[in-house]
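# Observations on the three-dimensional arrangement
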Amino acid sequence: MALGAPDASCAPDDGPPGMAGLLLPLLGGAGNLTSVTNCMTRLRVTVLDPPAVRRDELRALPGVLGVVEDGAALQIVLGPGAVAKVAPELARYVELARYVETVGPVDPVERVESVERVESVEPVTAAALADRGAALRAERKARNATPAKELLRRIAQIFVPLIPALIGCGIVAGLAGLLANLHWLPALAPALTACASGFMSLIAVFVGYNTAKEFGGTPVLGAAAAAVTVFPGVERVTAFGERLAPGQGGVLGALAAALLAARVERWCRRRVPEALDVLVTPAVTVLVAGLVTLYGLMYAAGEVATAIGRLADRLLANGGAAAGFVLGGLFLPLVMLGLHQALIPIHATLIQEQGYTVLLPILAMAGAGQVGAALAVYARLPRNGPVRRTIRSALPAGLLGIGEPLIYGVSLPLGRPFVTACVGGAFGGGFVGLLAQLGDKVGSTAIGPSGWALFPLLKGSRGLGTTAAVYGAGLLVGYAAGFVVTYAFGLSRRSLEELNAEDRTTG
């Protein structure tokens, strides 16, 4: 095998093409993809030539629950199980296509089947890529890519890969807390706490790594700059008349440190001679970013993190019902646009500051409103078999807090039910916010799940039983409000007549 060639694992499995093989031509081929990532439910790809994407066929492909477009960035909703399998497979197609394009066909004995799968990919020259890239950047800038929207997308890309570890550690932490409260297995509880806390104690390093990667720096240098914030020895450093504390500033400090490191590194790359670059650039990057972090960024980020915690407390203490109503009502549109990921840094900051985020259970009520709305549509369309089958297949995911199947398969295409689902989420959020205002705060120790899947991660100001009861009652309020409002106002008389015009219950 040629040196540097992709190993056998880079080739898609033998046999008929799976979802990745079906998606590839609809996305314009492997040569049209510049990045392939995923979050819990969405495949996120960036394309060179947006017009080459066959959008109608993509949306009609079985298994695709929805498509969200943002210029050259596409979010394809596949669901949690499917996306975890499709994203690596699609990335392997792209990797193999690029290798074949750059090096030429690999050894025919070892790779002939893999080459045949990508032989239809058109070669793309460097000049052509540059021209197309420049044209697309100008097009996006002229159309809809605002700096704020681009920044939110990039911040989401930093934190989305961390979600599986946050979920796993959060569940283990909840189990450790349960054992400690019940005084069961006292020898095991400390071990579980160590398993759960290890990642969280070093989350700054992972944030720094992903930040530098996203903003054009060397990932490990971003991690090195961010690691300064969690080094125990920082307690001997004084800034602004106060001694620093390890972890001060949390993920915000790590984010700022890695951003600075990426900028310093790029500055050095442009000015340092190539012969000295390997020595000078890393040293200057770590030194400058590290010192600025110690004598400025950690203190500032710590103040911001503290302010976020105080704001959340005041919001729920003084206006919990109103705040919950607004947050629960607006979250579904954020999910639809894919902008809900921008809240992850706030959640992570609250978890580091207070041990849990009080915002996530309130936002989870949006999913409850969506479920209630879907049940109302199911009840109002007894003769429409296709819609009812869609609801039955998407409802289990909705109950677990994965709302995209119901959003893109039911409520959004019908129009009004999406609005009434938001109303249901608002009432659920208002209920949880009201009880928080009365002293029964509900929070989550990790980011990611919602719906019934959030129960293992719950933590609040009272005991676990009270916290679970408040959250469960909020879900019931969201279900009921979403159902009642949708049943009464979600479908117009004309829509009901059209959708129930003929018996479509067969099949």
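Residues numbered from 1 in each chain as written. Predicted model: local features only at pLDDT ≥ 70, side-chain atom pairs only at ≥ 80, totals over all residues. Heavy atoms only, no water.

### Some thoughts on the overall build of the protein
In terms of regular secondary structure, the protein is built from 19 helices and 8 strands. For the protein, the residues scored as buried account for 47% of the 507 residues in total. Partitioning the intrachain contacts of the protein with sequence separation of at least 6 by distance along the chain shows that 72% fall at a separation of at least 24. (Helix = DSSP H or I, 4+ residues; strand = E, 2+ residues; numbered from the N terminus. Buried < 20%, exposed > 50% of the residue type's maximum accessible area, 1.4 Å probe, protein only. Contact = heavy atoms within 4.5 Å.)

### Focus: the pairing of strand 2 (residues 42–47)
Of all 6 residues in strand 2, 5 are buried, a share of seventy percent or more. Pairing geometry for strand 1 (residues 33–38) and strand 2, over 5 bridges, is antiparallel. Pairing of N38 across the sheet is with L43, part of strand 2. Between strand 1 and strand 2, which follow one another and run antiparallel, lie 3 residues. Relative to strand 4 (residues 73–77), strand 2 runs antiparallel, the two being bridged by 5 bridges. (Pairing = 2+ DSSP bridges.)

### A word on the pattern of salt bridges
Oppositely charged side chains are able to pair whenever their charged atoms sit close together. Applying the stated rule across the entire model yields 7 salt bridges. We note a salt bridge from D313 to K441, for which the minimum N-O separation is 3.2 Å. Highlighted residues: D313 in helix 12 (residues 274–337) and K441 in the loop between helix 17 (416–437) and strand 7 (442–444), separated in sequence by 128 residues. A salt bridge links R462 to D440; the nearest nitrogen and oxygen atoms lie 2.6 Å apart. Here the residue R462 occupies a position in the loop between strand 8 (458–460) and helix 18 (464–489), and D440 occupies one in the loop between helix 17 and strand 7, the gap between them amounting to 22 residues. Given the relative accessible area of 47%, R462 is considered partly exposed. D440 gets classed as buried once you look at its relative accessible area, which sits at 17%. Several salt bridges converge on common partners, so that one network encompasses E265, R269 and D277. (Salt bridge = Lys/Arg side-chain N within 4 Å of Asp/Glu carboxyl O.)

### Focus: the nonpolar core
Grouped together as the largest cluster of nonpolar side chains are 36 residues, with contacts concentrated most on V377, L381, I391, L406, L454, Y471 and L475. If you tally residues by element for this core, the top one is helix 14 (residues 359–380), at 9 residues. In contact with L406, not counting residues within four places along its chain, are Q370, V371, A374, A394, L395, G398 and S411. Counting 27 residues, the second largest nonpolar core, distinct from the first, contains A30, V36, V83 and V94. (Core = buried A, V, L, I, M, F, W, Y, C linked by side-chain atoms within 4.5 Å.)

### Quick look at the packing of helix 14 against helix 15 (residues 385–399)
Between helix 14 and helix 15, whose axes approach to 10 Å, the crossing angle comes to 160 degrees. Compared by their axis directions, helix 14 and helix 15 come out roughly antiparallel. By crossing handedness, the relation of helix 14 to helix 15 is classed as left-handed. In this structure, helix 14 contributes V371, A374, L375, V377 and Y378 to the contact, and helix 15 contributes V387, R388, I391, R392, L395, G398 and L399. (Axes fitted to C-alpha atoms, helices over the stretch in contact; angles between N-to-C directions. Parallel < 35°, antiparallel > 145°, perpendicular 65-115°, else oblique. Left-handed = near helix turned anticlockwise from the far one by under 90°.)

### Here's the deal with the environment of E57
One can find E57 in helix 2 (residues 55–60). Measuring from C-alpha to C-alpha, the distance between E57 and L23 comes to 9.5 Å, with 34 residues separating the pair along the chain. Polar side-chain contacts of E57 include one of 3.0 Å to the side chain of R54. (Polar contact = N/O pair within 3.5 Å; in protein donor to acceptor, adjacent residues only side chain to side chain.)

### Observations regarding the packing of helix 16 (residues 404–414) against helix 17
Their axes nearest at 4 Å, the elements helix 16 and helix 17 cross at an angle of 105 degrees. Regarding the angle of helix 16 to helix 17, the classification is roughly perpendicular. Taken together, the residues of helix 17 that come into contact with helix 16 (itself represented by I407, S411, L412 and L414) are R416, P417 and F418. The residue makeup of the contact of helix 16 with helix 17, split by class, is 5 nonpolar, 1 polar and 1 charged. (Nonpolar A, V, L, I, M, F, W, Y, C, P; charged D, E, K, R; others polar.)

### Details of helix 15
Helix length check: helix 15 (15 residues) gives 21 Å between terminal C-alpha atoms against 21 Å at 1.5 Å per residue, within 8%. Helix geometry: helix 15 is bent most strongly at S393, by close to 35 degrees, with proline P396 lying one to four residues after it. Within helix 15, the full set of buried residues consists of G385, V387, R388, I391, A394, L395 and G398. Buried residues along helix 15 sit in contact with helix 14 and helix 16. At the C-terminal side of helix 15, G401 shows a positive phi close to 90 degrees. (Expected span 1.5 Å × (residues − 1). Bend = angle between axes of the 7 residues up to and from the residue.)

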